[in-house]
Protein chains: 2
Amino acid sequence: MQKVRVHCFGISLDGYSAGPNQSLDHPLGVGGTGLMEWFFPTRTFQKMHNRELMNAPEQIFGQEGGENGVDDDFAARSFEKIGAWIMGRNMFGPVRGPWTNDDWKGWWGDNPVYHCDVFVLTHHVRAPLTMDGGTTFHFVTEGIQTALQRARAAAREKDVRVGGGVATVRAYLQAGLVDELHLAQSPVLLGSGESLFQGLDLPSLGYRCIERVPSAKTTHLVLARS
Amino acid sequence: MQKVRVHCFGISLDGYSAGPNQSLDHPLGVGGTGLMEWFFPTRTFQKMHNRELMNAPEQIFGQEGGENGVDDDFAARSFEKIGAWIMGRNMFGPVRGPWTNDDWKGWWGDNPVYHCDVFVLTHHVRAPLTMDGGTTFHFVTEGIQTALQRARAAAREKDVRVGGGVATVRAYLQAGLVDELHLAQSPVLLGSGESLFQGLDLPSLGYRCIERVPSAKTTHLVLARS
């Protein structure tokens, strides 16, 4: 059965999945990259070799091949059997309001890491954007249900991955549309920013924790609907 | 130097340290004992052998001696070098409003686990209550600073432990008065209840995570002021 999956979603000790003051320089907010420090050294991330993704610091590259292990297992799993992506507009880029031109083409260079159809939730119409390597960004103005319908069709026999940001994941959770949510909780305090859980009653929505695997750097947790 | 310490403070994946609808039957709220399942089988807890504490289910006893290991290390550490306790009135018991009589003497039987002076924060005057085994409950109506002052004096060269509940720990954190906070984050979702962190900006208050030790059942985290 086709699933809707969220993966590698960082969360701080105090419950934030993005720090305060998100911007071009801080796509995950101030302090937010601390949530992804388990991810950057993995073999999976190193293979993507895309510094722009997550605004990762330059010095994390150059580790030949990257690290194997629990963290990489979860990183690799996140890309398996994904046939389409959905993301919020703020994950696509820092531009706000109407698209004044087509200059912004995402954080990921000419050949983005997705290699499939990506549906970007926005209030502002924009023509689809075809990139190298099989990625096409579609801009959906009709809301989360329509985006999911289109993503399901595009994914065919594969799954749909909801990438982020926090507001997008929360919207799909609240609607009970996420089948599987992989969190990586890191020993970082952010103090403010975007809370993942505040006001979301996950047990009432049918979610429980079905898997917990601590690694040296983070605790991997998989939530699913029972 | 004398420290103010919080220990063995359970927190759910979604950030709650007590579930909804706290009552005589559910002192930690509905689902809240799930936060302490790592604690009940420990040697330290089994030695206390006090079923009333935390409203632990009866079947957890009878394990000869209890379990050693990481969880027990943290449980044992929580009682070391403690010279006085502070707790909120709701941790002391389910009675609300003025004390109409002295019938309620805490959850812990005639010989409570504290064996020292315990300062109970309340808005309602009550005479001190001396129990077996060296525990005296003092009822403090002058607020958290006065309670701490008295607890510090009573503890002499030892430390002060702030027991709970959530509102009490939050008040001492917000005032920057906690030196060390040991959390045990368990893979449990509560959905609602008392959030430990909401609205508390711990990094701004100088806190960071200085220790992280995952066990089979929970993740031990120690926050301290730097």
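Up top you'll find the structure we're talking about.
Residues numbered from 1 in each chain as written. Chains lettered and ligands numbered in written order. Predicted model: local features only at pLDDT ≥ 70, side-chain atom pairs only at ≥ 80, totals over all residues.

**Here's the deal with the pairing of strand β6 (residues 136–140) of chain A**
Residues and elements named next belong to chain A.
In step 1: As defined by bridge partners, strand β4 (residues 117–121) adjoins β6 across 5 bridges and the pair is classed as parallel. If you follow Val118 over to β6, its bridge partner there is Phe137.
In step 2: As judged from the 2 bridges shared by strand β5 (residues 129–130) and β6, these two strands associate in the antiparallel manner. Along β6, the bridge assignment pairs Leu129 with Phe137.
In step 3: In this structure, the hairpin formed by β5 and β6 is closed by a connection of 5 residues, where Gly133 is found at a positive phi of approximately 80 degrees. (Pairing = 2+ DSSP bridges. Helix = DSSP H or I, 4+ residues; strand = E, 2+ residues; numbered from the N terminus.)

**Looking at the relation of the copies chain A and chain B**
What connects the two chain copies is a rotation about an axis and a shift along it.
In step 1: Relative to chain B, chain A is turned by 180 degrees and slid 0.0 Å along the rotation axis, the superposed coordinates differing by an RMSD of 0.0 Å. Considering both components of the superposition, the chain copies are consistent with a two-fold axis.
In step 2: Both copies present the same face, since 100% of the interface residues in chain A are matched by interface residues at the equivalent positions in chain B. (Least-squares fit on C-alpha atoms with pLDDT ≥ 70 in both. Contact = placed C-beta atoms within 7 Å.)

**Considering helix α4 (residues 144–155) of chain B**
Residues and elements named next belong to chain B.
In step 1: Between its first and last C-alpha atoms α4 spans 16 Å; for 12 residues at 1.5 Å apiece the expected length is 16 Å, and the two agree.
In step 2: Where the residues of α4 are buried, they touch β1 (4–12), β3 (82–88), β4 (117–121), β6 (136–140) and β7 (159–164).
In step 3: In the stretch just after α4, Arg156 is the one whose phi turns positive, near 55 degrees. (Expected span 1.5 Å × (residues − 1).)

**Thoughts on the interface of chain A and chain B**
In step 1: Each side of the interface is counted separately: chain A has 22 residues, and chain B has 22 residues.
In step 2: Of all elements in the fold, only β10 (207–214) and β11 (219–225) of chain A reach the threshold of two or more residues within the side of chain A that touches chain B.
In step 3: Counting residues per element, the side of chain A that touches chain B draws most heavily on β10(A), which supplies 5 residues.
In step 4: Counted by class, the side of chain A that touches chain B contains 12 nonpolar, 6 polar and 4 charged residues. (Nonpolar A, V, L, I, M, F, W, Y, C, P; charged D, E, K, R; others polar.)

**Notes on the sheet that holds β3(B)**
Residues and elements named next belong to chain B.
In step 1: Strand order in the open sheet formed by 9 strands is β5-β6-β4-β3-β7-β1-β8-β11-β10, and the pairing between neighbours is mixed. At either margin of the open sheet sits one strand with a lone partner, and together these are β5 (129–130) and β10 (207–214).
In step 2: By the bridge criterion, 2 bridges tie β1 to β7 in an arrangement that is parallel. Note that in β7 the partner of Arg5 across the bridge is Arg161.
In step 3: Here helix α5 (residues 166–174) sits on the sheet in contact with β1, β3, β4 and β7, set at roughly 135 degrees to β7. (Axes fitted to C-alpha atoms, helices over the stretch in contact; angles between N-to-C directions.)

**What about the pairing of β4(A)?**
Where a strand is regular, its side chains alternate between the two sheet faces.
Residues and elements named next belong to chain A.
In step 1: Counting buried positions over the 5 residues of β4 gives 5, a clear majority of the element.
In step 2: Neither face of β4 is open: one carries Asp117, Phe119 and Leu121, the other Val118 and Val120, and all of them are buried.
In step 3: Pairing of strand β3 (residues 82–88) with β4, which is carried by 5 bridges, proceeds in the parallel orientation. Along β4, the bridge assignment pairs Trp85 with Val118. (Buried ≥ 20, exposed ≤ 12 C-beta atoms within 10 Å, placed from the backbone.)

**So, the sheet that holds β6(A)**
Residues and elements named next belong to chain A.
In step 1: As summarised here, the arrangement of the 9 strands in space is β5-β6-β4-β3-β7-β1-β8-β11-β10, forming an open sheet in which the pairing is mixed. Edge strands, defined here as strands with exactly one partner in the open sheet, are β5 and β10.
In step 2: Here helix α5 (residues 166–174) sits on the sheet and contacts β1 (4–12), β3, β4 and β7 (159–164); the angle it forms with β7, its principal contact strand, is near 135 degrees.

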